[in-house]
Structure formats: C-alpha cells, structure tokens
Amino acid sequence: MTVGRQRTRSPSGTPDRVPLRERLRGSFEHTPRTLALVWRSSPQGTAFIGALTLVAAGVPLGIAWVGKAITDAVVARSLEDTLKWVLVELALVCIQSLVMRSLALARQLLGLRLSV
C-alpha cells in the first residue's frame, strides 16, 4: 500500500520504480517534526539519549582497538601486557552492556512521556 504518492505506470503497464533519492527523501520527510516533538517532550531525555547513542557507537571501536592490542601483546609474548589489555577489554564490554541497557531504559521512559 502506497501512502501519499501514487506510483505511475509505464506504457507497458508495469509500475515505474521510484528513484532511490526520492525514496530517501520520503523516508526522512518527517524527521525534523518528529525530533522537535521529542525535544519538546523532554529536552534532557533527548540529550541523554543522544549522548548515550554516541557512546554506544564509540565503544565497539575501542573494543576492536583493544583486541588488536591483545593480539600484539600475545605475539610479543608479554604476559603482563596481555593480561592488562584483556582486563581493559572486559571493562569495555561491561561499559557497552551498561550503555545499551541505559539507552533502552531512556528510550522507554521517553516513550512513556510521549505515550507511545
């Protein structure tokens, strides 16, 4: 079911494909109004979700970098460095879990404010 735009048909009777650019534009058409609504509902909650999202995006990069450091320490046969980097990776995985759970809670609380 197409809402808002009707697909046109080519002379052969098959539906024309909507260009990717138009589909992308249509998918982001309501984003500014939606973000404004969410911001009006809870500015602090929206900022908190934004900050947590940025942290959630960066932690996997840190985990990957530490994984490389673990590999380098193992190749160098350094027990102390290997143990240090494994503990750092464990801490990052715990942080990732905490951030994801906090993000889910913040989204749920914001959704309740919006009565979604």
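Quick note: structure is the one above.
Cut-offs used in this document
- Residue positions within a chain follow its written sequence, with the count starting from 1.
- Local features in a predicted model are, by the rule used here, given only for residues with pLDDT of at least 70; side-chain atom pairs are given and counted only at 80 or more, and totals for whole chains, interfaces and linings are based on all residues.
- The basis for every side-chain value is the complete set of heavy atoms in the structure, and neither hydrogens nor water enter the calculation.
- What makes a patch is a set of residues exposed beyond 30% relative accessible area and free of salt bridges, joined within 9 Å when like-charged and within 5 Å when nonpolar (Val, Leu, Ile, Met, Phe, Trp, Tyr).
- Per-residue and other accessible areas follow the Shrake-Rupley method at a 1.4 Å probe size, with only the shown protein chains counted as cover for residues.
- Salt bridges are defined as contacts in which a side-chain nitrogen from Lys or Arg sits within 4 Å of a carboxyl oxygen from Asp or Glu.
- The helix and strand labels rest on DSSP assignments: H or I over at least four residues marks a helix, E over at least two residues marks a strand, and numbering proceeds from the N terminus.
- Only protein chains enter the area calculation, which uses a 1.4 Å probe; residues under 20% of their type maximum are buried, those over 50% are exposed, and those in between are partly exposed.
- Centres within 6.5 Å make a pair out of two Phe, Tyr or Trp rings, where for Trp the six-membered ring is used; the pair is then stacked when the planes are under 30 degrees apart, edge-to-face when over 60, and tilted otherwise.
- Expected span of a helix, by definition, is 1.5 Å for each gap between consecutive residues, and there is one gap fewer than residues.
- The contact criterion used is simple: two residues touch if any of their non-hydrogen atoms lie within 4.5 Å.
- Helix axes use the C-alpha atoms of the stretch in contact, all axes being lines fitted to C-alpha atoms, and the angles between their N-to-C directions lie in the range 0 to 180 degrees.
- In this count, Pro and Cys sit with the nonpolar residues alongside Ala, Val, Leu, Ile, Met, Phe, Trp and Tyr, while Asp, Glu, Lys and Arg are called charged and the others, Gly among them, polar.

K.L.:
Is there a simple way to explain a nonpolar patch on the surface in this structure?
P.N.:
Among the surface-exposed residues, L20, L24 and F28 lie close enough to one another that they form a single nonpolar patch of about 320 Å² accessible area. Along the chain, F28 falls in the loop between α1 (20–27) and α2 (31–41). With a relative accessible area of 55%, F28 lands in the exposed category.

K.L.:
What's the story with the packing of aromatic side chains in this structure? I'm lost.
P.N.:
Aromatic rings in a pair are described by how distant their centres are and how their planes are angled relative to each other. Overall, the coordinates contain 1 aromatic pair when judged by the stated rule. Pairing W65 with W85 gives two aromatic rings, centres 5.4 Å apart and planes at 85 degrees, and the pair type is edge-to-face. Remark: W85 occurs in helix α4 (residues 79–114) and W65 occurs in helix α3 (residues 43–75); sequence separation between them is 20 residues.

K.L.:
Whenever I open this one, α3 confuses me. Can you help?
P.N.:
Between its terminal C-alpha atoms α3 stretches 49 Å, which fits the 48 Å expected from 33 residues at 1.5 Å a residue. All of the buried residues in α3 are G45, T46, I49, L52, A56, V59, I63, V66, A69, I70 and A73. Next to the buried residues of α3 lie α2 and α4. Note on α3: the residue one or two positions beyond its end, R77, has a positive phi of about 55 degrees.

K.L.:
Teacher, can you tell me more about the pattern of salt bridges here?
P.N.:
It is possible for side chains bearing opposite charge to pair when their charged atoms get close. Applying the stated criterion across every chain, the model contains 1 salt bridge. Here K68 and D72 are joined by a salt bridge, their closest N and O atoms 2.5 Å apart. Of this pair, K68 and D72 both sit in helix α3, 4 residues apart, roughly one helical turn.

K.L.:
Sorry, what's going on with the packing of α2 against α3 here?
P.N.:
A pair of packed helices is characterised by two quantities: the angle between their axes and the separation of those axes. In contact at an axis separation of 5 Å, α2 and α3 are set at 115 degrees when each is read in the N-to-C sense. Contacts between α2 and α3 involve V38, W39, R40 and S41 on the former and, on the latter, P43, T46 and A47. Split into classes, the residues belonging to the contact of α2 with α3 amount to 4 nonpolar, 2 polar and 1 charged.

K.L.:
So what exactly am I meant to see when it comes to unusual backbone geometry here?
P.N.:
The phi angle of most residues is negative, glycine excepted, and most peptide bonds adopt the trans form. One non-glycine residue, R77, lies in positive phi territory at about 55 degrees. Checked against the element boundaries, R77 lands in the loop between α3 and α4.

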